[in-house]
Every structure is written in C-alpha cells, then in structure tokens.
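# Fold and geometry: a report
Here is what each chain is made of, one letter per residue.
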Amino acid sequence: MPKLLVNPSSAAAWEIQLKPGPNRLGRGEANDFTLTDPAVSGSHCEILVAEQSVLIRDLGSTNGTYVNRAPVREAMLREGDRIHLGRVEMIYAGEKAPVPAPARAGAAPAAPPAQPRKPVAARVVAGTAPGPAPAAAPPAGAPKPTVAAAPPTGVPRPTVAATPPANAPRPAA
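So, here's what we can say about the structure. (Residues numbered from 1 in each chain as written. Predicted model: local features only at pLDDT ≥ 70, side-chain atom pairs only at ≥ 80, totals over all residues. Heavy atoms only, no water.)

## Comments concerning the nonpolar core
We count it as follows: Here, nonpolar core refers to any group of buried Ala, Val, Leu, Ile, Met, Phe, Trp, Tyr and Cys residues whose side-chain atoms link them within 4.5 Å. Think of it in three bands: residues with accessible area under 20% of the maximum for their type are buried, residues over 50% are exposed, and the middle band is partly exposed, with areas taken using a 1.4 Å probe on protein chains only. Contacts are assigned to residue pairs that have any heavy atoms within 4.5 Å of one another.
Within the largest apolar cluster, 22 residues are counted, with the highest numbers of intra-cluster contacts made by Leu4, Leu25, Ile47, Ile83 and Met90. For Leu4, the contacting residues outside a window of four places in its chain are Trp14, Glu15, Ile16, Leu18, Leu25, Ile47, Ile83, Met90, Ile91 and Tyr92.

Printed below as a string of structure tokens:
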C-alpha cells in the first residue's frame with residue numbers, strides 16, 4: 001500500500017498507510033488522518049488512491065497544499081514527492097518503495113535511495129560542442145584549436161525571482 005512519511009527529518013516521524021479510495025487529511029477529527037499543526041486546515045486535502053495512480057487534491061485550505069515546493073490544487077503523486085500541508089512535511093512512498101528512516105539527533109541526514117543511472121554514450125567537455133569524435137589526431141606541428149573558456153563579460157545572465165508565492169506558508173516567528 002502507498003504511504004506517507006510524516007515529518008521525515010525529525011525524531012518524531014510517523015507513517016500514514018494510505019487505503020484504496022479517498023484519504024482525507026486535516027486538523028479536524030472527522031478526517032481519516034489528523035494533523036494537529038495549527039497551519040493545517042480543518043479539511044486540508046484528499047489523497048485518492050486508485051489502482052494505477054495516486055492523486056492529491058487541495059480542499060480549499062488556508063495555507064495551501066504543496067508538492068515539491070509548488071502550490072497545487074490537484075496533482076498526481078510520484079515516488080519521493082515532498083508534500084507540505086502548512087508546516088507539515090511528508091514524503092510519498094509507493095507500494096514497494098523503501099521509506100527513509102527518521103533522522104536521529106546529531107546524525108547526518110540519510111542519503112536518498114540510489115537511482116539507476118542511464119548509460120552515457122559520450123562525455124562532453126566544457127567549452128566544446130557535442131558531436132562525432134575526429135577520425136584521427138591532427139598531424140604533428142599543426143596549430144591547436146582554441147576554445148573560449150568562459151562567456152564574454154558583460155553578457156546579462158537570466159535571473160530568477162526569489163519571492164515566494166503570495167499564498168506560501170509563512171515561517172513561525
């Protein structure tokens with residue numbers, strides 16, 4: 001069965017075993033799973049477990065539902081997704097997925113599970129364009145090609161706004 005690891009970085013981590021069909025989460029006692037954090041709404045979200053997919057749906061919560069730091073009204077969950085309801089963090093783990101152990105006081109955080117790597121056909125060297133390798137080495141005494149080591153100065157670089165969304169939960173004072 002799919003599950004959620006609640007507060008995975010704390011010694012007080014616990015699991016929610018999701019059942020097939022709707023699973024309601026919120027601060028109110030009428031929910032399937034109660035989260036007592038004051039930043040969690042009474043009926044915060046619903047997680048629908050189907051045979052081939054798991055969907056999370058915000059139920060009009062005050063502080064929003066976030067999947068991988070992005071606000072969502074509805075989203076399909078995938079292995080390892082990080083969910084935030086108010087200040088409560090959870091990690092989604094599918095049926096056969098290992099769940100990370102909670103961190104112990106003074107211990108370094110656990111490394112994420114190893115992911116299989118795709119085979120690499122060729123290595124690209126910085127400053128070169130990918131393409132076929134030369135057929136043979138240049139003759140002795142031939143001039144060596146020059147490659148620009150860095151982009152020219154004065155070229156504007158793209159910037160990313162550092163402001164959180166207007167409905168992002170605010171940290172506790």
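## Observations regarding the pattern of salt bridges
Basically, it comes down to this: We count a salt bridge whenever a side-chain nitrogen from Lys or Arg sits within 4 Å of a carboxyl oxygen from Asp or Glu. Strands here are runs of E lasting at least two residues and helices are runs of H or I lasting at least four, both read from the DSSP assignment and numbered beginning at the N terminus.
This model, assessed by the stated rule, comprises seven salt bridges. When the shortest N-O distance is used, the salt bridge between Arg57 and Glu46 registers 3.3 Å. Pair noted here: Arg57 is in strand β6 (residues 54-58) and Glu46 is in strand β5 (residues 45-49), with a separation of 11 residues, a long-range link. For Arg57, a relative accessible area of 28% gives the class partly exposed. Glu46 gets classed as buried once you look at its relative accessible area, which sits at 8%. Here Arg82 makes a salt bridge to Glu89, at a shortest N to O gap of 2.5 Å. According to the relative accessible area criterion, Glu89 is buried, its value standing at 16%. Where salt bridges share partners, they join Arg24, Glu46, Arg57 and Glu74 into one cluster.

## Focus on unusual backbone geometry
Non-glycine residue Asn68 carries a positive phi angle of around 55°. Relative to the assigned elements, Asn68 resides in the loop between β7 (65-67) and β8 (70-72). What makes Asn68 partly exposed here is its relative accessible area of 41%. Residue Arg69 is not a glycine yet carries a positive backbone phi of 70°. If you trace the backbone, Arg69 turns up in the loop between β7 and β8. A relative accessible area of 64% means that Arg69 is categorised as exposed.

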